[in-house]
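Structural characterization, general
Listed here are the chains, written in short residue letters.
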Amino acid sequence: MKTNANSVKIGNVIEYQNQLWKVSKRDHVKPGKGGAYIQVEMKNIKTGNKTNTRFSSSEDVEVAYVEQKNFQFQYFDQDDLVAMDMESFETINIAKNLIGDALPFLEDGMNIRVEYCNDEPVGAALPEQVIAKIDQADAVVKGQTATSSYKPAILENGVRIMVPQFIESGEEIIVKTDDFSYVSRSKSS
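Thresholds, definitions, all that
- Residues numbered from 1 in each chain as written.
- Predicted model: local features only at pLDDT ≥ 70, side-chain atom pairs only at ≥ 80, totals over all residues.
- Heavy atoms only, no water.
- Core = buried A, V, L, I, M, F, W, Y, C linked by side-chain atoms within 4.5 Å.
- Buried < 20%, exposed > 50% of the residue type's maximum accessible area, 1.4 Å probe, protein only.
- Helix = DSSP H or I, 4+ residues; strand = E, 2+ residues; numbered from the N terminus.
- Contact = heavy atoms within 4.5 Å.
- Salt bridge = Lys/Arg side-chain N within 4 Å of Asp/Glu carboxyl O.

1. Quick notes on the nonpolar core
Soluble, globular proteins show a tendency: their nonpolar side chains are buried together. Grouped together as the largest cluster of nonpolar side chains are 29 residues, with contacts concentrated most on I112, L155 and I173. For this core, the secondary-structure elements that each account for two or more residues are β7 (67-77), β8 (80-85), β10 (111-117), β12 (129-137), β13 (150-155), β14 (160-164) and β15 (172-176). Not counting the four nearest positions on each side in its chain, I173 is found in contact with V130, I131, A132, I134, L155, I161, V163, I167, Y182, S184, R185 and S186. Membership of the second largest hydrophobic core comes to eleven residues, among which are W21, I38, M42 and V61.

Structure, rendered in C-alpha coordinates:
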(Lines give C-alpha, C1' and ligand atoms only; values in the text may rest on other atoms or scores of the structure.)
Protein backbone atom coordinates (compact mmCIF):
# COMPACT_ATOMS: atom_id res chain seq x y z
CA MET A 1 0.00 0.00 0.00
CA LYS A 2 1.52 3.29 -1.08
CA THR A 3 1.46 6.11 1.45
CA ASN A 4 3.08 9.49 1.79
CA ALA A 5 6.47 9.50 3.55
CA ASN A 6 5.00 11.86 6.17
CA SER A 7 2.68 9.03 7.27
CA VAL A 8 5.47 6.53 8.02
CA LYS A 9 5.55 5.64 11.73
CA ILE A 10 7.97 3.81 14.01
CA GLY A 11 7.22 0.09 13.81
CA ASN A 12 5.94 0.19 10.20
CA VAL A 13 7.29 -2.41 7.81
CA ILE A 14 8.11 -0.86 4.44
CA GLU A 15 9.24 -2.29 1.14
CA TYR A 16 12.42 -0.51 0.03
CA GLN A 17 14.83 -1.71 -2.67
CA ASN A 18 12.82 -4.96 -3.01
CA GLN A 19 13.35 -5.89 0.65
CA LEU A 20 11.35 -5.57 3.86
CA TRP A 21 12.56 -3.02 6.43
CA LYS A 22 11.19 -2.20 9.89
CA VAL A 23 11.24 1.49 10.85
CA SER A 24 13.02 2.09 14.18
CA LYS A 25 13.45 5.89 14.14
CA ARG A 26 11.77 8.69 12.24
CA ASP A 27 12.47 12.43 12.15
CA HIS A 28 10.81 15.19 10.16
CA VAL A 29 13.53 17.65 9.11
CA LYS A 30 12.91 21.11 7.67
CA PRO A 31 16.24 22.65 6.74
CA GLY A 32 16.64 26.38 6.18
CA LYS A 33 17.17 25.83 2.46
CA GLY A 34 15.44 23.28 0.31
CA GLY A 35 12.40 21.14 0.92
CA ALA A 36 11.49 19.22 4.05
CA TYR A 37 12.32 15.52 4.27
CA ILE A 38 11.76 12.51 6.48
CA GLN A 39 14.91 10.90 7.96
CA VAL A 40 14.20 7.22 8.65
CA GLU A 41 16.38 4.65 10.40
CA MET A 42 15.28 1.15 9.51
CA LYS A 43 16.41 -2.44 9.99
CA ASN A 44 16.39 -5.10 7.30
CA ILE A 45 14.13 -7.91 8.51
CA LYS A 46 16.12 -10.73 6.86
CA THR A 47 19.72 -9.61 7.38
CA GLY A 48 19.42 -7.35 10.46
CA ASN A 49 21.41 -4.58 8.74
CA LYS A 50 20.46 -1.00 9.57
CA THR A 51 20.32 1.95 7.22
CA ASN A 52 19.42 5.64 7.32
CA THR A 53 17.36 6.89 4.42
CA ARG A 54 15.88 10.24 3.47
CA PHE A 55 12.49 10.45 1.83
CA SER A 56 11.15 13.67 0.37
CA SER A 57 7.98 14.86 2.13
CA SER A 58 6.11 14.51 -1.16
CA GLU A 59 7.51 11.04 -1.92
CA ASP A 60 5.36 7.91 -1.69
CA VAL A 61 6.58 4.88 0.28
CA GLU A 62 5.34 1.29 -0.03
CA VAL A 63 4.09 0.20 3.42
CA ALA A 64 3.72 -3.57 3.71
CA TYR A 65 0.56 -5.11 5.15
CA VAL A 66 1.34 -6.57 8.57
CA GLU A 67 -0.98 -9.04 10.26
CA GLN A 68 -0.79 -9.69 14.01
CA LYS A 69 -1.49 -13.06 15.62
CA ASN A 70 -1.50 -14.14 19.25
CA PHE A 71 0.74 -16.99 20.32
CA GLN A 72 1.73 -18.62 23.59
CA PHE A 73 5.44 -19.24 24.19
CA GLN A 74 6.20 -22.92 24.82
CA TYR A 75 10.00 -23.48 24.92
CA PHE A 76 13.38 -22.63 23.34
CA ASP A 77 14.77 -24.70 20.46
CA GLN A 78 18.38 -23.59 19.80
CA ASP A 79 18.19 -20.16 18.07
CA ASP A 80 14.41 -20.31 17.83
CA LEU A 81 11.52 -20.22 20.21
CA VAL A 82 8.53 -22.48 19.80
CA ALA A 83 5.12 -20.87 20.18
CA MET A 84 1.56 -22.13 19.85
CA ASP A 85 -1.05 -20.31 17.77
CA MET A 86 -3.90 -19.48 20.16
CA GLU A 87 -6.55 -20.05 17.44
CA SER A 88 -5.40 -23.18 15.58
CA PHE A 89 -3.21 -24.66 18.38
CA GLU A 90 -0.43 -25.31 15.85
CA THR A 91 3.17 -24.70 16.93
CA ILE A 92 5.69 -22.67 14.94
CA ASN A 93 9.35 -21.77 15.30
CA ILE A 94 10.19 -18.06 15.56
CA ALA A 95 13.70 -16.63 15.50
CA LYS A 96 14.82 -15.35 18.94
CA ASN A 97 16.11 -12.10 17.45
CA LEU A 98 12.53 -11.05 16.59
CA ILE A 99 11.91 -10.52 20.33
CA GLY A 100 15.00 -8.29 20.61
CA ASP A 101 16.34 -7.00 23.92
CA ALA A 102 13.23 -8.09 25.86
CA LEU A 103 14.15 -11.79 25.47
CA PRO A 104 15.23 -12.23 29.14
CA PHE A 105 11.65 -11.40 30.23
CA LEU A 106 10.15 -14.25 28.16
CA GLU A 107 8.64 -16.96 30.39
CA ASP A 108 6.95 -20.31 29.72
CA GLY A 109 3.27 -19.88 28.90
CA MET A 110 3.61 -16.12 28.23
CA ASN A 111 1.36 -14.68 25.54
CA ILE A 112 3.26 -12.96 22.73
CA ARG A 113 2.12 -11.07 19.64
CA VAL A 114 3.76 -12.06 16.35
CA GLU A 115 3.65 -9.79 13.30
CA TYR A 116 3.43 -11.42 9.87
CA CYS A 117 4.19 -9.93 6.46
CA ASN A 118 3.74 -12.10 3.36
CA ASP A 119 3.13 -15.14 5.65
CA GLU A 120 6.55 -14.68 7.26
CA PRO A 121 7.18 -13.62 10.89
CA VAL A 122 8.78 -10.15 10.89
CA GLY A 123 8.44 -9.16 14.54
CA ALA A 124 7.38 -10.40 17.96
CA ALA A 125 6.44 -8.51 21.08
CA LEU A 126 5.98 -9.40 24.74
CA PRO A 127 3.27 -7.84 26.88
CA GLU A 128 3.97 -4.14 27.58
CA GLN A 129 4.56 -4.81 31.28
CA VAL A 130 5.77 -7.90 33.16
CA ILE A 131 6.27 -8.84 36.80
CA ALA A 132 9.91 -9.43 37.76
CA LYS A 133 11.63 -10.25 41.03
CA ILE A 134 14.57 -8.25 42.38
CA ASP A 135 17.61 -10.48 42.94
CA GLN A 136 20.01 -7.80 44.21
CA ALA A 137 19.45 -4.22 45.27
CA ASP A 138 21.60 -1.88 47.32
CA ALA A 139 20.48 -1.29 50.88
CA VAL A 140 18.40 1.78 51.68
CA VAL A 141 20.44 4.72 52.90
CA LYS A 142 18.69 6.43 55.81
CA GLY A 143 17.23 9.78 54.78
CA GLN A 144 17.09 9.00 51.06
CA THR A 145 13.72 7.27 51.09
CA ALA A 146 11.82 10.52 50.56
CA THR A 147 13.83 11.63 47.54
CA SER A 148 13.08 10.66 43.97
CA SER A 149 16.54 9.22 43.35
CA TYR A 150 16.99 5.79 41.82
CA LYS A 151 19.50 3.03 42.52
CA PRO A 152 20.69 0.10 40.38
CA ALA A 153 19.17 -3.34 40.86
CA ILE A 154 19.56 -6.73 39.20
CA LEU A 155 16.51 -8.84 38.42
CA GLU A 156 16.41 -12.64 38.69
CA ASN A 157 16.71 -12.84 34.88
CA GLY A 158 20.01 -10.91 35.03
CA VAL A 159 18.71 -7.61 33.63
CA ARG A 160 20.00 -4.42 35.31
CA ILE A 161 17.43 -1.70 35.93
CA MET A 162 17.05 1.45 38.01
CA VAL A 163 14.56 1.31 40.88
CA PRO A 164 13.45 3.75 43.60
CA GLN A 165 15.39 3.76 46.88
CA PHE A 166 12.64 1.97 48.84
CA ILE A 167 12.76 -1.22 46.70
CA GLU A 168 14.61 -4.11 48.37
CA SER A 169 15.95 -7.50 47.28
CA GLY A 170 13.26 -10.17 46.96
CA GLU A 171 10.45 -7.76 46.03
CA GLU A 172 8.34 -8.24 42.92
CA ILE A 173 8.00 -5.20 40.68
CA ILE A 174 6.36 -4.32 37.38
CA VAL A 175 8.78 -3.50 34.53
CA LYS A 176 8.11 -2.08 31.04
CA THR A 177 9.49 -4.46 28.41
CA ASP A 178 10.26 -1.79 25.80
CA ASP A 179 12.76 0.27 27.84
CA PHE A 180 13.21 -1.82 31.05
CA SER A 181 11.95 0.99 33.25
CA TYR A 182 10.43 0.52 36.70
CA VAL A 183 6.64 1.04 36.84
CA SER A 184 5.56 0.09 40.37
CA ARG A 185 5.59 -2.58 43.03
CA SER A 186 3.62 -5.68 42.13
CA LYS A 187 0.26 -5.96 43.89
CA SER A 188 0.96 -9.64 44.70
CA SER A 189 4.03 -8.85 46.85
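2. Quick look at the pattern of salt bridges
Per the counting criterion, the structure on display carries four salt bridges. We note a salt bridge from K22 to E115, for which the minimum N-O separation is 2.8 Å. Pair noted here: K22 is in strand β3 (residues 19-29) and E115 is in strand β10, with a separation of 93 residues, a long-range link. A residue is classified by how much of its surface remains accessible, and E115, at 12% relative accessible area, is buried. R185 serves as the salt-bridge partner of E171, at 2.7 Å between the closest nitrogen and oxygen. With a gap of 14 residues between them, E171 in the loop between β14 and β15 and R185 in strand β16 (residues 182-185) connect regions that are remote in the sequence. Residue classification places R185 among the partly exposed positions, given a relative accessible area of 37%.

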